Amino acid sequence: MTAPAPIRLLLADDHPVVRAGLRAVLETEPDFAVVADVPTAEEAVTLAARPGVDVVLMDLRFGGEMRGSQATAAITARPGAPRVLVLTTYDTDADILAAIEAGATGYLLKDAPPEELAAAVRTAAAGRSALAPTVALRLMDRVRDGAAALSRRETEVLQLVADGLSNAEVSKRLFLSQATVKSHLVHIYAKLAVDSRTAAVAAATARGLIRR
């Protein structure tokens with residue numbers, strides 16, 4: 001009998017040591033074939049558009065302009081696109097939601113054991129959701145929280161505030177009016193039960209909603 005075709009993988013991470021480590025681990029699996037590894041999100045988008053890739057393992061942070069979530073959206077927007085499995089160290093709501101909404105099939109943390117990584121790759125290749133247990137719990141918590149959960153836009157606004165941007169700078173970055181930014185902050189304060197920007201950032205960071 002003819003052996004089934006291997007799952008063809010593209011690795012996208014800006015750290016050479018990480019890419020080498022992933023390649024070494026994944027190539028021990030008889031049903032995997034690493035066809036390429038790239039250091040930028042832009043290169044991942046270019047290679048993923050060509051035939052011969054089944055699953056892209058995508059980091060979220062790169063040294064260039066494009067982020068992993070943006071690359072994921074660009075890749076998955078094409079018909080017949082490969083699956084994207086996010087593999088990162090970031091597990092905040094902001095990162096998880098951005099990746100899932102961009103079209104990622106799975107989300108795994110880099111401290112996952114090799115067998116969990118291999119299983120997630122196979123699951124993603126089959127078109128099924130592959131979420132790290134902690135990520136799945138975060139998403140479930142958001143559903144349980146209901147109205148208390150920040151929307152994606154609110155999370156984006158608060159992340160930029162945490163990064164030190166003023167309301168005017170946030171409005172320019174997100175192409176929103178300053179009045180809209182203020183409105184988002186009012187809703188954020190209410191949901192987090194706080195009354196200031198500093199308190200909102202502290203509360204959201206403590207709950208893992210944003211990163212610092």
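Structural data are supplied above this passage.
Residues numbered from 1 in each chain as written. Predicted model: local features only at pLDDT ≥ 70, side-chain atom pairs only at ≥ 80, totals over all residues. Heavy atoms only, no water.

1. Some details on the packing of helix 9 (residues 178-192) against helix 10 (residues 197-206)
No. 1: In the contact formed by helix 9 and helix 10, the axes pass within 10 Å of each other and the chain directions differ by 55°. Here helix 9 is positioned oblique relative to helix 10, judged by the angle of their axes. Seen from above, helix 9 lies across helix 10 with left-handed handedness. Contact residues: helix 9 offers L185, I188, Y189 and L192, while helix 10 offers R197, A200, A203 and A204.
No. 2: Tallied by class, the residues present in the contact of helix 9 with helix 10 amount to seven nonpolar, no polar and one charged. (Axes fitted to C-alpha atoms, helices over the stretch in contact; angles between N-to-C directions. Helix = DSSP H or I, 4+ residues; strand = E, 2+ residues; numbered from the N terminus. Parallel < 35°, antiparallel > 145°, perpendicular 65-115°, else oblique. Left-handed = near helix turned anticlockwise from the far one by under 90°. Contact = heavy atoms within 4.5 Å. Nonpolar A, V, L, I, M, F, W, Y, C, P; charged D, E, K, R; others polar.)

2. With respect to the nonpolar core
No. 1: Core analysis: the biggest nonpolar cluster contains 27 residues, and L9, L26, L57, Y107, L117 and V121 have the highest contact counts within it.
No. 2: Elements with a minimum of two residues in this core: strand 1 (7-12), helix 1 (16-26), strand 2 (32-38), strand 3 (55-58), strand 4 (83-88), helix 4 (93-102), strand 5 (106-109) and helix 5 (114-125).
No. 3: The greatest single-element share of this core, amounting to four residues, is contributed by helix 5.
No. 4: Sequence-distant contacts of L9, that is, excluding residues within four places in its chain, are made with L26, F32, A33, V34, V35, A36, V55, L57 and V121.
No. 5: Judged by nonpolar contacts, the second largest core, of 20 residues, contains V161, V170, Y189 and V194. (Core = buried A, V, L, I, M, F, W, Y, C linked by side-chain atoms within 4.5 Å. Buried < 20%, exposed > 50% of the residue type's maximum accessible area, 1.4 Å probe, protein only.)

3. Thoughts on the pattern of salt bridges
Pairing is possible between side chains that carry opposite charge, provided their charged atoms lie close to one another.
No. 1: Evaluated as defined, the whole model comprises 13 salt bridges.
No. 2: Among the salt bridges present, the one from R19 reaches D37, with a minimum N-O distance of 2.9 Å. Of the two residues, R19 sits in helix 1 while D37 sits in strand 2, which places them 18 residues apart along the sequence.
No. 3: Looking at D37, the relative accessible area reads 27%, which means it is partly exposed.
No. 4: The salt bridge involving R152 is made with E156; its shortest N-O contact spans 3.6 Å. Highlighted residues: R152 and E156, both in helix 7 (residues 152-162), separated by four residues, approximately one helical turn.
No. 5: Assessed through its relative accessible area of 33%, R152 is described here as partly exposed. (Salt bridge = Lys/Arg side-chain N within 4 Å of Asp/Glu carboxyl O.)

4. So, helix 4
In an α-helix, one full turn covers 3.6 residues, which means residues spaced three or four apart are oriented alike.
No. 1: Among the ten residues that make up helix 4, eight are buried, leaving the element largely enclosed by the rest of the structure.
No. 2: Every buried residue of helix 4 is listed here: D93, A94, D95, I96, L97, A98, A99 and A102.
No. 3: Of the residues flanking the end of helix 4, it is G103, one or two places downstream, whose phi is positive at about 115°.

5. Regarding the sheet that holds strand 4
No. 1: Within the open sheet, the six strands sit side by side as 2-1-3-4-5-6. Their pairing is parallel. Taken across any chain shown, the strands that pair with only one partner, and hence form the sheet edges, are strand 2 and strand 6 (130-131).
No. 2: Pairing of strand 5 with strand 6, which is carried by two bridges, proceeds in the parallel orientation. The partner of Y107 across the bridge, within strand 6, is L131.
No. 3: Sheet strands in contact with helix 1 are strand 1, strand 2, strand 3 and strand 4, and its direction is about 170° off that of strand 2. (Pairing = 2+ DSSP bridges.)

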